[in-house]
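Structural features, examined
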Amino acid sequence: MTVLSVNLNKVAWLRNARGKNARPSLTAAVDTVLEAGASGITLHPRPDLRHITPDDVYRVSEHLGGSAELNLEGNPLIGATQDYPGFLHLVEQTRPAQCTLVPDSQDQLTSDSGFPVDEILGRLTDILAQLKEWGIRSSVFVDPEPTQIEAVSQAGGDRIELYTGSYARQFQLNSNNSPTEGCMAAHRRFAEAAVLALNAGLGVNAGH
């Protein structure tokens, strides 16, 4: 069954632009999303606090109270800074249903590539084992590359999240309102990657 988790980063970004305690309310946005039929909420706290803050993570986790899935996204390789306790610290404190590992750097505008899992296999294996010990489902953000999907399975991940940017860039309709060949070729690549992941015992998410 396909389910939708909605990322609230932009809601937080708009609120932050308007000042502390401004609207829109993040918890009100959570309620709106769930009432509309979504199955979960995704938050991506970053060290620069550009949108979701650590306080947001704690507040939304408490607001949900287990009533819907909370998915926390972030880079587990970035530690604590002055105002940011570190991604894995937030995960440990709130115990979301899912933790999605994303290789974003501190100065990156948005996540635009998958983890090079095969290059950091040992370190990632330890992180995934820790998540399992905490009872948290893991997902690793990857490009639709067989080597990376196989590496996630080897490292002990539960799911992959396919970075769908390359499909989005190809998406066009021809004069008959049908997808172009480039679009269909990109779609096939993702379908093949999903099948490979499922055959390896991994769940499949998709984002971006």
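All residue numbers here refer to positions counted from 1 along the written sequence of the relevant chain. Where local features are concerned, this predicted model is filtered to residues with pLDDT of at least 70; where side-chain atom pairs are given and counted, the filter is 80 or more; whole-chain, interface and lining totals use all residues. Each side-chain value is derived from all of the structure's non-hydrogen atoms; neither hydrogens nor water enter the calculation.

Time to look at the confidence of the model for the protein chain. The quantity known as pLDDT measures the predictor's confidence residue by residue, on a range of 0 to 100. In this model, the protein chain carries a mean pLDDT of 92, and residues with pLDDT of at least 70 account for 96%. Helix H7 (residues 165-170) is the least confidently modelled element of the protein chain, averaging 86 in pLDDT, while strand E2 (residues 40-43) averages 98, the highest of any element. Strands here mean DSSP runs of E at least two residues long; helices mean DSSP runs of H or I at least four residues long; both are numbered from the N terminus.

Okay, the sheet that holds strand E5 (residues 137-142) next. Across a sheet, strands are paired by hydrogen bonds formed along the backbone, either parallel or antiparallel in direction. Being paired, for any two strands, means DSSP has found at least two bridges between them. Taken in spatial order, the seven strands of this open sheet run E1-E2-E3-E4-E5-E6-E7, and their pairing is parallel. Two strands lie at the open edges of the sheet, namely strand E1 (5-7) and strand E7 (203-207), each paired on one side alone. Neighbour to neighbour, the strand axes of the sheet diverge by 25° on average, direction disregarded. Bridging between strand E6 (residues 159-163) and E7 involves five bridges; their strand directions are parallel. Axis geometry follows a simple rule: fit a line to the C-alpha atoms, using only the stretch in contact for helices, then measure angles between N-to-C directions, giving values from 0 to 180 degrees.

Attention now goes to the packing of aromatic side chains. Between rings of Phe, Tyr and Trp, where Trp is taken as its six-membered ring, a pair exists when centres lie within 6.5 Å; planes separated by under 30 degrees are stacked, by over 60 edge-to-face, and by other angles tilted. Summed over all chains, the structure comprises two aromatic pairs. Between Tyr-167 and Phe-171, the ring centres sit 6.0 Å apart and the planes meet at 55°, which makes this aromatic pair tilted. When accessible area is computed with a 1.4 Å probe and restricted to protein chains, residues below 20% of their type maximum are described as buried, those above 50% as exposed, and intermediate ones as partly exposed. Taking relative accessible area as the criterion, Phe-171 reaches 43% and is therefore assigned partly exposed.

Most peptide bonds take the trans configuration, and most residues that are not glycine carry a negative phi. The peptide bond linking Arg-23 to Pro-24 adopts the cis configuration, its omega dihedral lying at 5°. Relative to the elements of secondary structure, Pro-24 occurs in the loop between helix H1 (9-18) and helix H2 (26-35). Phi at Leu-49 is positive, roughly 60°, even though this residue is not glycine. For Asn-177, which is not a glycine, the phi torsion comes out positive at approximately 60°. Relative to the helices and strands, Asn-177 is located in the loop between H7 and helix H8 (181-199). Among the residues examined, Asn-177 registers a relative accessible area of 60% and is labelled exposed.

With that out of the way, let us pick up H8. Here, expected helix span is obtained from the residue count minus one, scaled by 1.5 Å. Along its 19 residues, H8 runs 27 Å from first to last C-alpha, staying within 8% of the 27 Å computed at 1.5 Å per residue. The complete set of buried residues in H8 reads Cys-183, Ala-186, Phe-190, Ala-193, Ala-194 and Ala-197. Buried residues in H8, looked at end-on, bunch into an arc of 100°, giving them a common side. Structural note: H8 exposes Glu-181, Glu-192 and Asn-199 on the side pointing more than 90 degrees away from its buried face. Note on definitions: a residue-residue contact is assigned when non-hydrogen atoms from the two residues lie within 4.5 Å. Taken together, the buried residues of H8 touch helix H6 (146-155), E6, H7 and E7. An arc is given here, and it is the one of the directions from the helix axis to the C-beta atoms.

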